[in-house]
Amino acid sequence: MDKILEGLVSSSHPLPVKRVIVRRVVESAETPLSQAQCRAMFALSTRLILQGPDPFQRQVGRQVLEAYARFHRDEFEAFFNRGLVLGLLQRGYGGLGSRDPAILDYVQAGLRLIISCPSVLELFALLQVEALRMVCERPAPPLCARLCQLLGDFPQCLPRGRKLSLAFCQQLVRSMAHFQSQGSREPELRLYVSQVTQVSGLLRSIWKAEPDTLLPSLQELFAVISSTDTSFEPSVALASLVQHIPLQMITVLIRSLTTDPNVKDASMTQALCRMIDWLSWPLAQHVETWVIALLKGLAAVQKFTILIDVTLLKIELVFNRLWFPLVRPGALAVLSHMLLSFQHSPEAFHLLVPHVVNLVHSFKNNGLPSSAAFLVQLTELIHCMMYHYSGFPELYEPILEAIKREAYAPRIFFEASRPPWFTPRSQQDCSEYLRFLLDRLHEEERTLKALSSAKPSENTMSDESLAQETANKAQVFTEEPCTGGEERTLIQRMFGGKLQTSICCLNCKSTSQKEEAFTDLSLAFCPPASLENVDMRSITHSSEVKDDCMVRTSIVASRPVEESALDTSLAVSDGCETVMNEGILKDLLPAELSSENITDSDLNKVQDSKNVSQKPVSENTPSVTDLLNYFLAPEILNGDNKYYCEKCASLQNAEKIMQILEEPEYLILTLLRFSYDPKCHIRRKILDNVCLPLILELPVKRTASSLGVVSRGWSVDVEFSDTGENLAKKLKPSGAEEVCCPELVPYVLSSVVVHSGISSESGHYYSYARNITGSGPSLGLCHQSKTMALASHGSLLTGEISHAVIENDLDANEMSKEWFLFNDSRVTFTSFQSVQKITSRFPKDTAYVLLYKKQNCSNGFNTNSANGLWVNGDPPLQKELMDAITKDNKLYLQEQELSARTQALQAASASCSFRPNGFDDNDPPGSCGPTGGGGGGGFSTIGRLVF
């Protein structure tokens, strides 16, 4: 048979004939053979496997060897012995060297064939020694990967014993440090990556099976990458090991490295630089996590010199990694941390400035969704840096042009919608323009409906009579109230709401009610005492308040409610400079107290009897909720503001209560920042900061039946001991039906118009806005708003429980939604944190008009996340001064580093969170503070640093 097989492979027969002959040779393996014949057949098949000139002969050799070894097991066990395997591993076979992966292929095939034979144990022991010897000789990636595959299939061949096992892992790490790719084409690179993955996978298996080998392996890894020997550069293939290190070990390992006195600064710098190079490895995971952890650990022990040197040396390389999609996420994370931590000088950021525009254009042109998402994050980071290092317009202008969004000039629209009384080149009120615009759109839609409903006669009517009839129909249409939802205009459906004003005479207890439509609510600033306790407004005597401080509307009293739904703008007059009319809760006023004998002490007694929990409010900064509370709070009409009661036929003290009956789809709130100064006879701007809540709950009155205009008596069996619900029931008008508590309707902030300036005569408008359209669920807002209501009229907007629930559900998600800054022709990314902090950062810039969108069950939030900042225009420093500042900052950092050396060992025993003492944990994500974006580790904890 061996002669037939040898003649077959060397003959010139066609391939189908050769295959037939091979099949017959394989089938003949079942026939009895002598020991010599078997040995000859094994030797021939081995030669074909290892030295076959073509794949066909090598395949024939494997088939014959497997067939004869299966039926002649004893003979093959005698042939495939220790001497043969040792010779193959140390000397090779014929012209085939011992470092050829084919040798290991043959050995692995032989092990499979004798795995059930006793002699295999001797081969396992041999391979344990030979495997360690081979990795000590630094095998090339193909041979090392083939060895790891053999050891993975036969773990019995792994070196045994703690000492040998540790040595094997350490030497395997050293071998990986010498890996080099054999080519630059894609197929060669893919093969190289798969070989490295095979080796790192074996190390992971060993670390998992023997945890004691992990730490020494990592120490060997650090010794390799921290070497300052310039003649050897470790391979980036070591990055494949990082993903197999448990993340739970980050704190312990980084702390031990950064506090080890034996680790010199030069070695630490070299190690950090090489770890940053690992970002180029395409399949490694968590590399950026370890790099950032090491950066934070060095900052924690104040080794700022290393951080400065590494950042300046490697930041351009990290930025260049953004061009490659596979490594882009990790590179962007490291880049963000580097830039946000390097705050003592713009030097690092300015190294990147020449490269930003090309990368942005690349992201815009490829059209991939992943590129668009990364462009948002990169733009946010660039904006933050330009904001922090302002004063270089010549450097930043090309970047601003590249990252800005397209803006549309609204000139034609404004010319068509401009109010006739707006004078050119003078500041106008944007709130007044908005009311005019909505009213104009509303009226034009109604006119168009009237014109479309007109049916002109064919021949009987002249042009003049036709025009007259059309005008009459249009007038009738505008005068008739809208009774059906389908007849309401688009503006009414979007912005229209309804407010009810109730005035109760405190003498006869008769009540009159009036319903008014509105498109926006104008909120006055309340006195400081009102912020602490909404109900306490009622205690202050209001005789000093003038008539023009009362809440008024622009509705003509004689017109029907529905007729002028767009003419209404609930506002506080300009004369209300500091205080509003104070009011007392209707539920707290006993019927026995007439309007003639009410004193401040009586009001205080009644107020003290009220047992209502109050929501704590900031002493310094009011919120929009506070202003809305103040707007809807009950007030007493007394003194100069007494109410003329028709039933009493005289002026009487009265209580006025306003309640919202119908909420709009979009709620417009105008903050009355321009007040009239009667002393100077000018309008001044109120520059008070106002907290803008992302979630606003509007109390809307829901009734089972209409109360109409009533004049009823009040029950008089009220005692001062009655509090809470009992008191409210006794004070309910006699004969009135039960009224439901206000329903809290949730709204989410959609846009903010900001006025920049200190007077009403000059300034600048810009706005923040976002796109909140979507069809997803609203996180249960509708259900919560229906099941949670207020306990009394006096706590209209406190709603502690419901508000907390909603904010807990939404704030974390909604604050990260994409916001934009619209400033003339420039549209840039920004964040909700910037919206909230605008007045604290720039005192002249104050929120003026707010737009909230009602959250229905069908509304969701499907926009993309983006937090960013915008650029200010601070004047640049002279270059000499900037260089001096940079030099002084660096010297000071070095001084701090030297003084921190003595505390390094103490820091090792303490808990290390990689955040130096003094960091503000409240800095928002995306901000330019020390923890912004990078989660800490910055340099700005040093008090002497100049930014």
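Residues numbered from 1 in each chain as written. Predicted model: local features only at pLDDT ≥ 70, side-chain atom pairs only at ≥ 80, totals over all residues. Heavy atoms only, no water.

Moving on: the overall build of the protein chain. If you tally the helices and strands in the protein chain, you get 33 helices and 18 strands. For the protein chain, the exposed area adds up to about 44000 Å²; of that, 54% sits on carbon and sulfur atoms. (Helix = DSSP H or I, 4+ residues; strand = E, 2+ residues; numbered from the N terminus. Areas by Shrake-Rupley, 256 points an atom, 1.4 Å probe, with all protein chains shown as cover.)

This part is about unusual backbone geometry. One non-glycine residue with positive phi stands out, namely Arg138, at about 55°. Within the secondary structure layout, Arg138 lies in the loop between helix 8 (120–136) and helix 9 (141–153). The backbone of Gln302 shows a phi angle near 60°, a positive value even though the residue is not glycine. Among the structural elements, Gln302 can be located in the loop between helix 15 (287–300) and helix 16 (304–320).

Quick look at the pattern of salt bridges now. According to the stated counting rule, one finds 17 salt bridges in the structure shown. Taking the shortest distance from any N to any O, the salt bridge between Arg133 and Glu130 comes out at 2.6 Å. Taken together, the residues span about one helical turn, with Arg133 and Glu130 both in helix 8 at a distance of three residues. The buried category is assigned to Glu130, whose relative accessible area is 4%. Across the pair Lys314 and Asp277 runs a salt bridge whose closest N-O atoms are separated by 2.8 Å. Here the residue Lys314 occupies a position in helix 16, and Asp277 occupies one in helix 14 (residues 265–277), the gap between them amounting to 37 residues. Residues joined in a network through salt bridges with shared partners are Arg99, Glu130, Arg133 and Glu137. (Salt bridge = Lys/Arg side-chain N within 4 Å of Asp/Glu carboxyl O. Buried < 20%, exposed > 50% of the residue type's maximum accessible area, 1.4 Å probe, protein only.)

What follows concerns the packing of helix 6 (residues 82–91) against helix 8. Packing of helix 6 against helix 8 brings their axes to within 10 Å, and their N-to-C directions diverge by 15°. When the axis of helix 6 is compared with that of helix 8, the two are roughly parallel. Judged by the twist between their axes, the crossing of helix 6 over helix 8 is right-handed. Contacts between helix 6 and helix 8 involve Arg82, Val85, Leu86, Leu89 and Gln90 from the first element and Glu122, Leu123, Leu126, Leu127, Glu130 and Arg133 from the second. A per-class count over the contact of helix 6 with helix 8 returns six nonpolar, one polar and four charged. (Axes fitted to C-alpha atoms, helices over the stretch in contact; angles between N-to-C directions. Parallel < 35°, antiparallel > 145°, perpendicular 65-115°, else oblique. Left-handed = near helix turned anticlockwise from the far one by under 90°. Contact = heavy atoms within 4.5 Å. Nonpolar A, V, L, I, M, F, W, Y, C, P; charged D, E, K, R; others polar.)

This next bit is on the pairing of strand 10 (residues 666–671). Here strand 10 lies mainly inside the structure; six of its six residues are buried. With burial as the criterion, each face of strand 10 is covered, one bearing Tyr666, Ile668 and Thr670 and the other bearing Leu667, Leu669 and Leu671. In terms of strand pairing, strand 3 (residues 521–523) meets strand 10 through three bridges, oriented parallel. What sits directly across from Leu521, in strand 10, is Leu669. (Pairing = 2+ DSSP bridges.)

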